[in-house]
Amino acid sequence: MCGIFAYAGNRSDASQLILHGLKLLEYRGYDSWGVAVIPRGKGEGKRGKNEIVVKKRIGKIGDANVNELPSSSFGFGHTRWATHGGVTNVNAHPHLDCFNTIAVIHNGIVENYEQLKKNLIKNGHKFQSETDSEIIAHLIEEYSKNIPFPKAVQKTFNSLEGLNAIIAINTKEEQFCAVKNGSPLVIGFGKNENFLASDAAALLPYTKQVYFLEDNQMAIVNKDKADVFDVATNRSVLIKPITLEWDIKQSHKGNYPYFMLKEIHEQPDIILEIANSRLNEAMKMAEVIKKSHGAYLVGCGSAAYVANSGVYLFSKVAKRHVNFAVASEFSYHLDFLNDKSLVIALSQSGETMDTLEAVKRAKVKGAKIGAIVNVLGSTLYRIADYKLLIGAGPEKGVASTKALIGKLSHLILIAYSLAGKGNQGKEVLIKAAASSKKLLQSTNINNIKKLAKLLKTKSHMFVIGRGLSYPTSLETALKIKEISYIHAEGLAAGELKHGPLALIEKGTPCIVFAPQDETHGANLAGAMEMKARGGYIIGISNKSHEVFDYYIQVNDALEGTIIPNIIVGQLLGYYLSVEKDLDPDKPRNLAKSVTVK
Ligand code: AGP
């Protein structure tokens, strides 16, 4: 969702630095942006003394600049993903109070803003925007008439309902008052300079020493120090910074046209890294599952499909029943959980609101929480009892690829560890990495590019599979939908004849995953059913078959075949998007991390 970047230090080009920080957060998806600074020497703002100077625009940052903003060493910026109020310059953040001496940036939704706004208007406050966020600036203005600014921010935060992260500044002192519940906020510690951001990846060019604010903690940050306290108890919190393990190179596209393609090509090495270095971690998580009485894998979107594949993996490999639930639905049927239950949440960002909500409700039931997550220090990472870091590095494409494959690789290792065959799991991953590497060679890439050219004008397509190829089909359909905007339906192949077959007509593209496993024959039967109705059959298998009208070769890797198969779906979605002149990194309407319900 929205991006936040704030700077306090000795540089005089704070506005440029803030704009650069916002660009590092662009991958999260947004529709407008804004930067606010306090001019050096305390506010020679364009409208006189002691004012905050702001530039706000709709659309992407692109080649925009903030040259007209005065030199400053203190300020912040925000990229907005519209919730309340349309996409306009005025609705963009930061929002100001009536006198332009207070500015606020905000992530989240103020559920009680109408009542708060009514009271403020009664007290004479004038509003510029249609947003819920602007009321925060005016509320702080109202409270700070009688109490110190930080206390006014704290009192404002405590009067907001909903999950929010806010940073407020005023012209009296160059310090940020930052407070959150739900949406993430990270403090970055530099040399005579400090930062705040909504995502640790934006801090990498400046520092690797960070502190992830916990829910209901407030930080007062200036260029020299940060103090943190609990907003409910006022008790101060000892800050223990952690060191980010990511490398700055991972945050850049390099020679790739898009982050998504770079991240797809990073996958074979990530799988090998997991195979060779994560067996101990996998064994620990396997032990936790073994001791639990009822384990549930939950996630959203692609993470849900990985969770779904876990049901097949644990059954096939470890003869262990593990349940699966879409996280946004789990809250409606988790009443049976108890203190022997285990809920393992899968998430790239560790900030997906639906997943966090399900986990928090499960905790209330006494369940232990496991997390397979990519972002160190993220909310999910911090609230989990058992943590497993995916280690895929920062993932910038909105469509999840390497983090998804990283989750899947860990699940395979955990399933084999649970069966007491951890080293076999390692071998399966090594096979899967080799099969993926082969798939990424130019001949196979060109074969998929050619298929994308064939399919780019289609409006509908179907993707089918059985067993592990069923979640593979769901994930492939999602990749096609979310970045090429072509409707694709993922199906359990056996379900075709129970209805969807009615949709197959001459030329309907039907993608069939047919690995050489126990589902092979039945999957081919499904392909024949579709072919008999005119379907155009795209076969993905280790060897071709006469029923295939188009064939993509994928070497088998036992249960690991799901990995190269999913990579076929990633590549097809990517090249369809590029064929249609779309931006595969930033698909319309979507955000990298969905931190609202
Ligand atoms: C994946 O391509 C999508 N962008 C989306 O489904 C994503 O997987 C989902 O929002 C969950 O995100 P998370 O892994 O960060 O929790």
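In case you missed it, the structure is sitting above this.
On a predicted model such as this, the values are computed, not experimentally measured, just so you know. (Residues numbered from 1 in each chain as written. Predicted model: local features only at pLDDT ≥ 70, side-chain atom pairs only at ≥ 80, totals over all residues. Heavy atoms only, no water.)

### A few points about unusual backbone geometry
Working step 1: A cis amide bond links His 93 with the next residue in sequence, Pro 94, at an omega value of 0°.
Working step 2: Despite not being glycine, Lys 319 has its phi angle at roughly 50°, a positive value.
Working step 3: Mapped onto the fold, Lys 319 is located in the loop between helix H8 (302–318) and strand E19 (323–326).
Working step 4: Although it is not a glycine, Tyr 485 sits at a positive phi angle of roughly 65°.
Working step 5: Mapped onto the elements, Tyr 485 comes out in the loop between helix H15 (469–484) and strand E24 (487–492). (Helix = DSSP H or I, 4+ residues; strand = E, 2+ residues; numbered from the N terminus.)

### Quick notes on the packing of aromatic side chains
Working step 1: If you walk through the whole model with that rule in mind, you get 11 aromatic pairs.
Working step 2: Ring geometry for Tyr 258 against Tyr 574: centres 6.2 Å apart, planes inclined by 70°, an arrangement best described as edge-to-face. Of the two residues, Tyr 258 is situated in the loop between strand E17 (242–243) and helix H5 (259–265) and Tyr 574 in helix H17 (residues 562–579); the sequence distance between them amounts to 316 residues.
Working step 3: A relative accessible area of 3% means that Tyr 574 is categorised as buried.
Working step 4: Aromatic side chains Phe 548 and Tyr 551 sit 6.0 Å apart centroid to centroid with 10° between the ring planes, which places their arrangement in the stacked category.
Working step 5: On the accessibility criterion, Tyr 551 (21% relative accessible area) is partly exposed.
Working step 6: In this structure an aromatic cluster arises from ring pairing among Phe 5, Tyr 7, Phe 195 and Tyr 206.
Working step 7: Sitting over the face of the ring of Tyr 381, Lys 387 holds its NZ or CZ atom 5.0 Å from the ring centroid.
Working step 8: In this structure, Arg 588 is placed above the aromatic ring of Tyr 485, and the distance from its NZ or CZ to the ring centre is 3.8 Å. (Phe/Tyr/Trp six-rings, centres within 6.5 Å; stacked < 30°, edge-to-face > 60°. Buried < 20%, exposed > 50% of the residue type's maximum accessible area, 1.4 Å probe, protein only. Lys NZ or Arg CZ within 6 Å of the ring centre and 35° of its normal.)

### Some thoughts on the side chain of Ser 32
Working step 1: Tracing the sequence through the fold places Ser 32 in strand E2 (residues 32–39).
Working step 2: Not counting residues within four places of it along the chain, the set of residues in contact with Ser 32 comprises Arg 57, Ile 58, Gly 59, His 78, Thr 79, Arg 80 and Ala 92. (Contact = heavy atoms within 4.5 Å.)

### Overview of the side chain of Gln 267
Working step 1: In this fold, Gln 267 is placed in helix H6 (residues 267–277).
Working step 2: Contacts of Gln 267, omitting those with residues within four sequence positions, involve Thr 401, Lys 402, Ile 405, Ile 567 and Gln 570.

### Overview of the sheet that holds strand E10 (residues 176–181)
Working step 1: Strand order in the open sheet formed by seven strands is E7-E8-E9-E10-E14-E15-E16, with antiparallel pairing between adjacent strands. Edge strands, defined here as strands with exactly one partner in the open sheet, are strand E7 (95–96) and strand E16 (236–237).
Working step 2: Along the sheet, helix H3 (residues 134–143) contacts E7, strand E8 (102–108) and strand E9 (164–170); its crossing angle with E8, the most-contacted strand, is approximately 135°. (Pairing = 2+ DSSP bridges. Axes fitted to C-alpha atoms, helices over the stretch in contact; angles between N-to-C directions.)

### Regarding the pairing of strand E13 (residues 209–212)
Working step 1: The pairing of strand E11 (residues 186–189) with E13 spans three bridges and is classified as antiparallel. Each residue of the ladder has a partner; that of Ile 187, found in E13, is Tyr 211.
Working step 2: Bridging between E13 and E17 involves two bridges; their strand directions are antiparallel. Bridging from a neighbouring strand, Gln 209 pairs with Thr 243 of E17.

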